[in-house]
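A closer look at the structure
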Amino acid sequence: MRKLNLIAGQVLRKNLHGFSWWFMALMPLLAAVLIGGITWYMSSTSQPARVVVVAPTPITSALQKQNDDNQRYVPVRSEAAGRRELSNKDADGMLVVKTTAQAKLYRRDDGQSISTSQLTQALASLNTLTVAQSLGLSQQQLGRLLATPKVTTRSVTFTDSGKMQATTGKSDGMKQILSTVVGFLMYMFLMSYGSIIASEIATEKGSRIEESILVAIRPQTQFYGKILGVSALLGLQILIYAVMAAGAWFLRDSIPAVKELLNGFDWAQIGWSFVLVSIVFFLIGIVSYTVLAAMCGSLVANQEQAGQALQPVLLLAMVGYFASLSTAGANGPVISTMSYIPFLSPLVMPARYGVGQVTLGPALLSIAISVLFLGAFTIFAERVYASNVLTYSEGGIFKALRKSLTLLRAK
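The following paragraphs examine the structure supplied in this document. Everything numeric here is computed off the predicted structure, so don't read it as measured data. (Residues numbered from 1 in each chain as written. Predicted model: local features only at pLDDT ≥ 70, side-chain atom pairs only at ≥ 80, totals over all residues. Heavy atoms only, no water.)

Observations concerning the nonpolar core
What counts, and what does not: Residues enter a nonpolar core if they are buried and are Ala, Val, Leu, Ile, Met, Phe, Trp, Tyr or Cys, with the set joined through side-chain atoms within 4.5 Å. Whether a residue is buried, partly exposed or exposed follows from its accessible area with a 1.4 Å probe, protein chains only, as a fraction of its type maximum: under 20%, in between, or over 50%, in that order. Secondary structure elements are defined from DSSP: runs of H or I of at least 4 residues count as helices, runs of E of at least 2 residues count as strands, and each element is numbered from the N terminus. In this analysis, two residues are considered to be in contact whenever any of their non-hydrogen atoms come within 4.5 Å of each other.
If you look at the biggest cluster of nonpolar residues, it comprises 40 residues, and the most contacted ones within it are Trp21, Leu190, Tyr193, Tyr289 and Leu292. Elements that contribute at least two residues to this core include exactly helix 2 (19-45), helix 7 (172-206), helix 9 (219-250), helix 11 (272-297), helix 12 (306-325) and helix 15 (360-388). Once residues within four sequence positions are removed from consideration, Tyr289 is found in contact with Leu190, Val313, Leu316, Ala317, Phe343, Leu344 and Leu347. Judged by nonpolar contacts, the second largest core, of 14 residues, contains Val51, Leu63, Leu95 and Leu119.

Shown next, in the form of structure tokens:
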């Protein structure tokens, strides 16, 4: 146990004393702060588009009631006055309205963007009101004419017996958010930590340090020590994110950008079960890919071949990532099968569970399969590592793996 902790501590200290791990851990936070700052600056300094309107007074008055932070309507006396406004860059566009059914919009090329859909909708409402008045419709009749049909939506699922059950539905936007966030975070973390451990092992093999280390330490201890050290780095990074997230939550009312971001989510649609399932799959996925990267790292001969060690890791991760992105609009047998396959299920199943394609039971079954596979695969990877850590084959990773399997069968 002391040697195991020694190796884990060495991996932990080496990365903490270096710049690359801190850069990797803090880059998402710095990127979020930078994007948030740019967004805040642009929103706070941007001016609404100014549209001068040449129209009868009732129309200009009605359009002015549509003014908002993005677009403002200002009446002018004539088209000549409106052109002067455009020429002097005092206006971004000029709207000439002959009737509510016919209008022309002149936009300055270097002016701010004007929402034609908002403008068209406002004129359409005025035109409807004008036509209704010409037909002698009362306000009550006009209200009935313009009444929006009420559509009640209920999400349902079916049991194995064919019985329909109501479920808590998610909006299309929330589906996409859940699928994208879960898949992206998993992909970024596993790529980062897979790269760390593969490079760690490949570097030691290339410098022949392993030959000295393994005189005093068994290969199995070396293998599990590195896995434990990388897991400690992962836990530290998650802890940093958790502390910062908690700070942002407690200060949400003091920071307008954070408050606006949090208010944009319908937290009631997420649920604690989804959060817990995602966390469990996240941890299982990162550890699984770390073990795979460690095994692949032992199959290369030097640091220059570390990229080859990451190829299987990145290939599996990309398949799972793109599958998780498609879960919001696809629920066929391929996606369903992938949500139970180890290495792919940590990426796919949380997204499927988040959008309501599966219930908690199938998600727990997928977790159980992943845990059992992780235990068996870790033992297999440890044996491959022990048989290859002192073997220097230049034939490529797959040739080294075939050789390892041959040696394992011979034991």
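Right, picking up where we left off after that structure.
What to know about the packing of helix 11 against helix 15
The description of two packed helices rests on the angle between their axes and on the distance between the axes. Where we set the bar: Interaxial angle, 0 to 180 degrees, is taken between N-to-C directions of lines fitted to C-alpha atoms, where a helix line uses only the stretch in contact. Working definition: roughly parallel below 35 degrees, roughly antiparallel above 145 degrees, roughly perpendicular at 65 to 115 degrees, and oblique for all remaining angles. Crossing handedness: left-handed means the near helix sits turned counterclockwise from the far one by under a right angle, and right-handed means the same turn made clockwise. Ten residue types, Ala, Val, Leu, Ile, Met, Phe, Trp, Tyr, Cys and Pro, are classed as nonpolar, four, Asp, Glu, Lys and Arg, as charged, and the remainder, Gly among them, as polar.
Put simply, helix 11 and helix 15 touch, their axes get as near as 10 Å, and they point 20° apart. In terms of orientation, helix 11 lies roughly parallel with respect to helix 15. Seen along the crossing, helix 11 lies across helix 15 with a hand that is left-handed. The residue inventory of the contact of helix 11 with helix 15, partitioned by class, reads 19 nonpolar, four polar and no charged.

Examining the sheet that holds strand 2 (residues 71-75)
The following threshold applies: One requirement defines pairing of two strands: DSSP has to find at least two bridges between them.
On the basis of which strands lie adjacent, the open sheet formed by four strands has the order 2-1-3-4 and mixed pairing. The open sheet has two free edges, formed respectively by strand 2 and strand 4 (102-107), since each of these has just one partner strand. Taking each pair of neighbouring strands and ignoring which way they run, the sheet shows an average axis angle of 25°. In the packing of helix 3 (residues 57-64) onto the sheet, the strands contacted are strand 1 (49-54), strand 2 and strand 3 (93-99), and the crossing angle to strand 2 comes to about 155°. Sheet strands in contact with helix 4 (residues 79-87) are strand 1, strand 3 and strand 4, and its direction is about 165° off that of strand 3.

Quick notes on the pairing of strand 3
The element strand 3 is extensively covered by neighbouring structure, given that five of its seven residues are classed as buried. Note: strand 1 against strand 3, four bridges, orientation parallel. Bridge pairing links Val51 to Gly93 in strand 3. Bridge count for strand 3 against strand 4 is six bridges, and the pairing is antiparallel.

Here we look at unusual backbone geometry
One non-glycine residue, Lys89, lies in the positive phi region at around 60°. Residues other than glycine seldom take positive phi values, yet Phe343 does so here, at roughly 75°. The topology assignment puts Phe343 in the loop between helix 13 (333-338) and helix 14 (345-354). By relative accessible area, Phe343 is classed as buried at 10%.

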